[in-house]
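Close look at the chain arrangement
Here is what each chain is made of, one letter per residue.
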Amino acid sequence: MNDSLEKDIAAFDVLLSSCGQAYPIAVVAYVGFKTSQGPRILYGRILLEPNRAIIDNATFMFETEHVVAGRFVCGGASNDIRSFLGLVRNAEIPTHDGKKRLSLQADGSPSSLFSPVHHPFVSEGPRLPSLRINGITRHQLLMSVIDIRTLDWEIKAAESPFDNLDELLNQCGLPTQMQMGDLTTLEIVAKSPTMIVGTSIIENGNAVINCHLAAGLDTTKLRIGYKVFEKNFTRRESVVGSSLTWQQEGDIKVGSFELSVGDAQLLQAFVCYAGISHHQLWVTDPRKRLNPRYAIHQIFDEELEVLKRMLLKPDTGKPYAFENAVSTLFNLLGFSVSNYGRIPKLQKGPNVIAVSPSGNVAIIECTVGILDENDKLAKLVQRSKLIKDKLEAAGFGFLQQLAVVVSPLSREEVKANLEDAGKHEIAVICREEIEQLLSRVFLV
């Protein structure tokens, strides 16, 4: 094992040790292939969970001539976590019966990446530390076993059939081939043992802050900090866990406290355990929205659920619906928006033009597929140049213009086009950025 991997495992172990008995269970999932050297991992994950109540305990096992896959739940106590780290150190993952293991194939020493805050696929939310170990490329592993087309037909012929490899990966709760990247991967991920709960609210001049803490942890080591945005002042204070009212619900302790916030419409709360920050959440008074556009939008879509679905899970057969959702999002964020993509005689222009309050212009193309689908990047560059020239000719050359392409796919899924977009100074908004923008709507 190389020194880098040993350091990453040690760093992950130190982070876990601060959370003590936070993880009563672990969810193990894998998809692999049978090779002449034994079963090898395509993608494997050990997910440490603080709450059994939200986990599906059903065991799933799948096997064909060339494929082996599974998902099962097992103990996640301190000793088990150490054994998991030992397996990861050897680039192995256990199977359900405990007798067999799948190995990660590597040319030489495998590479590793320790992410102490968030998993690489995630950019916001509760802390989600992860340790990833990468082996040979996905293509190398597949080609050493079976042609991908033949593989899909083999999976279709199984006693419990799946349409393709991606569907099998999804059944195991693992990323698709496009999402996982080019390398075979084994990872161990720890869910946050504490978080501020979305039921926190400001009402009638009082704020109620609710949090969850893994039952095995010490409430006296918890601290909640907060910023109250008063009229001409930001109040910054914190309370310790012993000041909260606690009750236990299964594997989770639910803590709560109240504070007076006067006329403040907004506060930001932070939760820490043993000196480590784990989560932050904006808490608002639902009757006093800071954003009048959002207040109007709530009449039709109170919690942005419809807009979120249209942006993050669009109907690929209705690309115009995604354009409309992007237009609505930018309007909620305070831009003056024109959706030219919906006007038949103006469809040679960009999908959306968004103008900021200061007059700066975003020229936006929307795609539900890859970034350069139907030469969108080249068209966007051309249209941006035309708009820039027109503004300069009209005496508005001092305004800034930014070309933007928006996609519901993750950055990992579109990474093949990111370099091209960067060369042409095109900003890319993917799933991660859309989620961040949605979380900021009420702040504008």
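In what follows, the structure referred to is the one given above.
Residues numbered from 1 in each chain as written. Predicted model: local features only at pLDDT ≥ 70, side-chain atom pairs only at ≥ 80, totals over all residues. Heavy atoms only, no water.

Turning next to the overall build of the chain. From N to C terminus, the chain includes 12 helices and 23 strands. Relative to the globule expectation of 22 Å for 444 residues, the C-alpha radius of gyration of the chain, 25 Å, shows essentially globular dimensions. Burial status across the chain gives 49% buried among its 444 residues. Looking at the chain alone, contacts between residues at least 24 apart form 64% of all its contacts between residues at least 6 apart. Within the structure as shown, the chain displays about 21,600 Å² of accessible surface, and the carbon and sulfur contribution to it stands at 51%. (Helix = DSSP H or I, 4+ residues; strand = E, 2+ residues; numbered from the N terminus. Rg over C-alpha atoms; globule rule 2.2 N^0.38 Å. Buried < 20%, exposed > 50% of the residue type's maximum accessible area, 1.4 Å probe, protein only. Contact = heavy atoms within 4.5 Å. Areas by Shrake-Rupley, 256 points an atom, 1.4 Å probe, with all protein chains shown as cover.)

What follows concerns the sheet that holds strand 13 (residues 222-229). If you walk across this open sheet you meet the 4 strands as 14-13-17-18, and the pairing is antiparallel. Strands with a single pairing partner mark the edges of an open sheet, and in this sheet they are strand 14 (234-240) and strand 18 (276-284). Adjacent strand axes in the sheet meet at a mean angle of 20 degrees when their direction is disregarded. Sheet topology places strand 17 (residues 266-273) next to strand 18; 8 bridges connect them, and they run antiparallel. In the sheet register, L266 faces strand 18, and the bridge partner there is T284. (Pairing = 2+ DSSP bridges. Axes fitted to C-alpha atoms, helices over the stretch in contact; angles between N-to-C directions.)

Okay, the packing of aromatic side chains next. Per the stated rule, a full pass over the model turns up 8 aromatic pairs. Arranged with centres 5.3 Å apart and planes meeting at 65 degrees, the rings of F330 and F335 form a pair that is edge-to-face. Here the aromatic residues F60, F62 and F162 are joined through ring pairs into a cluster of three or more. Positioned above the aromatic ring of W153 is the side chain of K156, whose terminal nitrogen or guanidinium carbon lies 4.9 Å from the ring centre. (Phe/Tyr/Trp six-rings, centres within 6.5 Å; stacked < 30°, edge-to-face > 60°. Lys NZ or Arg CZ within 6 Å of the ring centre and 35° of its normal.)

One open sheet holds the 5 strands; their spatial order is 19-20-21-22-23, and the pairing between them is mixed. Of all the strands in the sheet, just strand 19 (336-339) and strand 23 (426-429) have a single pairing partner and so form its edges. Geometrically, the sheet is characterised by an average inter-axis angle of 25 degrees between neighbouring strands, direction not taken into account. The pairing of strand 20 (residues 352-355) with strand 21 (residues 361-366) spans 4 bridges and is classified as antiparallel. Within strand 21, the residue paired with I353 across the bridge is I363. On the sheet, helix 10 (residues 376-393) packs against strand 20, strand 21, strand 22 (401-406) and strand 23 and is oriented at approximately 160 degrees with respect to strand 21.

Another point: the pattern of salt bridges. Under the counting rule described, the total for this entry stands at 17 salt bridges. In this structure, R132 engages E187 in a salt bridge whose closest nitrogen and oxygen atoms are separated by 3.1 Å. Here the residue R132 occupies a position in strand 8 (residues 130-137), and E187 occupies one in strand 9 (residues 183-190), the gap between them amounting to 55 residues. Accessibility assignment for this pair places R132 and E187 in one class, buried. When the shortest N-O distance is used, the salt bridge between E433 and R411 registers 3.1 Å. Of this pair, E433 sits in helix 12 (residues 431-439) while R411 sits in the loop between strand 22 and helix 11 (415-423), placing them 22 residues apart in sequence. When salt bridges with common partners are traced through the structure, they connect R45, R132 and E187 into a single cluster. (Salt bridge = Lys/Arg side-chain N within 4 Å of Asp/Glu carboxyl O.)

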